[in-house]
Amino acid sequence: MTQGLTVLGATGSIGASTLDVLARHPGRFRVFALTAHRSADALLALCLRHAPRYAVLSGLQEDAGLRRRFAESGCRSELLFGAQALERVASDADCDVLMAAIVGAAGLAPALAGACAGKRILLANKEALVMAGPFFMRAVRECGARLLPVDSEHNAVFQCLPQEAAQSSGRASMKAVRRILLTASGGPFRAAPLERLGSVTPDEACAHPNWAMGRKISVDSATMMNKGLEVIEARWLFDVAPERIEVLIHAQSIIHSLVEFIDGSVIAQLSNPDMRVPIAHALGFPERIESGAVPLDLAAIGTLTFERPDPQRFPCLGLAYAALREGGTAPAVLNAANEVAVAAFLDGKLRYTAIPQVIEHALRSAPATAADCLETVLEADRRARVAASNGVAALMGRAA
Ligand code: NAD
Ligand code: MG
């Protein structure tokens, strides 16, 4: 039977890769809903191609003109407006599989709605687990949802774990595992002179050497906050203590992560850097399906290199470990402050090297409390955004 698929964040980079893989498997899925924040034209084009039952514009209010434009273009999808519609299409009885590919904190509530409705969730939106790891995972367990990681590192770890662990509702029995090694490319500034970092531009920060991604995650990759968020994501996804999660710089992005077992064996997952590989894995699981990725040619690549991350170059990584150790709402504060700082950097209002300063300021001024439900986490997120915006304003005066 074909499965109903909702793609949250369909107009983004992960959304495009998901729909590309889907188009290679006609008959396997029917597109139930596609969502975008405000990009109506891009959403309309996707609707004409994939004919979902619902199309959601979560960042816009009811708009009769847009409704008419969709209908006159021959779009038969029902158009819904506003953020509430995301939760509706994530939890609808006709949605079987949910691709959670919204960027940032906005992805949490709809992904959680999918978890509470017992869906099969393909999780790209790492921020959801960073903000709300413990109760998100509880909702997955208690509501009979299934969580399949799409983030390439976590998908790699999932593939390296023993089959019986991978089969048991996404939570692994980690007794045989000594360490998880998350690989990181090191981003565009891995080898740049440290004194250059104060003057790098948004376009330079977004020019990732190996991956084409949305702008927010591209900046996160440059600062390695992306890896910090992924350490937190791995902590909850695989129920493993932070001391057992390490980060290794591997500039070629061929090994997507590794799992070390207590007998000394290390298992790695390799592929060309193409998000269609983990997406196809999650869409097809437990079957393997074609992704469209170019086959890996190791002889042509020749050399794979590894190094430890330099804490001076990548202070955001240390901030993420510290927030994880502090616990409660600290990771949600870290995430919100990072979103504010990255947006200010992309807007040309903040120096690149001030990003960790803004995050540190927010962590200091918004002390962590218990994070036991969606409301407390969203409240911490709101307070952190205020603190971070104040931090940005204070630092803007000092920008070069
Ligand atoms: P993107 O910026 O390309 O796309 C984001 C999507 O979310 C768009 O469809 C946009 O319309 C929608 N969106 C933006 N703000 C929204 C809001 N406030 N409310 C509702 N919808 C909103 O982002 P991306 O690179 O595709 O990343 C999506 C998620 O996947 C992120 O959490 C990212 O960390 C994760 N991820 C991405 C990659 C990658 O290769 N791009 C890899 C691993 C994980
Ligand atoms: Mg990743």
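All of the points below concern the structure found in this document.

Cut-offs applied
- Residues numbered from 1 in each chain as written.
- Chains lettered and ligands numbered in written order.
- Predicted model: local features only at pLDDT ≥ 70, side-chain atom pairs only at ≥ 80, totals over all residues.
- Heavy atoms only, no water.
- Helix = DSSP H or I, 4+ residues; strand = E, 2+ residues; numbered from the N terminus.
- Rg over C-alpha atoms; globule rule 2.2 N^0.38 Å.
- Buried < 20%, exposed > 50% of the residue type's maximum accessible area, 1.4 Å probe, protein only.
- Contact = heavy atoms within 4.5 Å.
- Areas by Shrake-Rupley, 256 points an atom, 1.4 Å probe, with all protein chains shown as cover.
- Near = heavy atom within 4 Å.
- Polar contact = N/O pair within 3.5 Å; in protein donor to acceptor, adjacent residues only side chain to side chain.
- Nonpolar A, V, L, I, M, F, W, Y, C, P; charged D, E, K, R; others polar.
- Right-handed = clockwise from strand over helix to strand, strands pointing away.
- Phe/Tyr/Trp six-rings, centres within 6.5 Å; stacked < 30°, edge-to-face > 60°.
- Core = buried A, V, L, I, M, F, W, Y, C linked by side-chain atoms within 4.5 Å.

## Focus: the overall build of the chain
So, point 1. Helix and strand counts for the chain stand at 17 helices and eleven strands.
So, point 2. A compact globule built from 400 residues would reach a C-alpha radius of gyration of about 21 Å, and the chain, at 20 Å, matches this within 12%.
So, point 3. Taking the principal axes of its C-alpha atoms as reference, the chain extends roughly 55 × 55 × 45 Å.
So, point 4. For the chain, buried positions account for 56% of its 400 residues.
So, point 5. Long-range pairs, those at least 24 residues apart, make up 69% of the contacts in the chain between residues at least 6 apart in sequence.
So, point 6. Surface summary for the chain: the accessible area is close to 16,300 Å², and the carbon and sulfur share equals 53%.

## Considering the site of ligand 1
So, point 1. Taken together, 22 residues lie around ligand 1, and Thr-11, Ser-13, Ile-14, Glu-127 and Gly-214 are the ones closest in.
So, point 2. Measuring from an oxygen atom of ligand 1, one finds a backbone N or O atom of Ser-13 at 2.9 Å.
So, point 3. Here an oxygen atom of ligand 1 sits 2.9 Å away from a polar atom, N or O, in the main chain of Gly-214.
So, point 4. Coverage of ligand 1 by the protein chains reaches 86% of its 830 Å² of free accessible surface.
So, point 5. Of all the elements in the fold, those that place two or more residues in the shell around ligand 1 are helix 1 (13-23) and helix 6 (126-142).
So, point 6. Classifying every residue of the shell around ligand 1 gives eleven nonpolar, eight polar and three charged.

## Focus: the pairing of strand 1 (residues 3-8)
So, point 1. With respect to burial, strand 1 is a largely interior element, five of its six residues being buried.
So, point 2. Crossover strand 1 to strand 2 (residues 29-36) through helix 1 is right-handed.

## A look at the packing of aromatic side chains
So, point 1. Applying the stated criterion across every chain yields a total of four aromatic pairs.
So, point 2. Here the aromatic rings of Phe-32 and Tyr-54 are separated by 5.4 Å at their centres, their planes lie at 75 degrees, and the arrangement is edge-to-face. Of this pair, Phe-32 sits in strand 2 while Tyr-54 is found in strand 3 (residues 54-57), placing the two residues 22 residues apart along the sequence.
So, point 3. For Phe-32, a relative accessible area of 1% translates into the label buried.
So, point 4. Ring centres 5.7 Å apart and planes at 65 degrees place the aromatic pair Phe-345 and Tyr-352 in the edge-to-face group. The residues Phe-345 and Tyr-352 share a single accessibility class, namely buried.
So, point 5. Site record: aromatic cluster; members linked through ring pairs are Phe-189, Phe-345 and Tyr-352.

## Notes on the nonpolar core
So, point 1. Core analysis: the largest hydrophobic core is formed by 138 residues, its most contacted members being Leu-57, Phe-70, Phe-136, Phe-238, Leu-334, Leu-350 and Ile-359.
So, point 2. Take this core: its biggest share by element is eleven residues, from helix 15 (residues 330-346).
So, point 3. In contact with Leu-334, not counting residues within four places along its chain, are Met-225, Leu-229, Ile-232, Leu-319, Ala-320, Ala-323, Ile-359 and Leu-363.

## Quick notes on the side chain of Ser-221
So, point 1. With respect to the helices, strands and loops of the structure, Ser-221 is situated in helix 10 (residues 215-223).
So, point 2. Relative accessible area serves as the criterion here: at 9%, Ser-221 is assigned to the buried category.
So, point 3. Among residues more than four places away in sequence, those in contact with Ser-221 are Gly-186, Gly-187, His-208, Met-213 and Asn-226.

## Side note on the environment of Gly-186
So, point 1. With respect to the secondary-structure elements, Gly-186 resides in the loop between strand 8 (177-184) and helix 9 (202-206).
So, point 2. What makes Gly-186 buried here is its relative accessible area of 1%.
So, point 3. For the pair Gly-186 and Gln-3, spaced 183 residues apart in the sequence, the C-alpha separation amounts to 38 Å.
So, point 4. In this structure, Gly-186 is in contact with Ser-221, Ile-249 and Phe-314, ignoring residues within four places of it in sequence.

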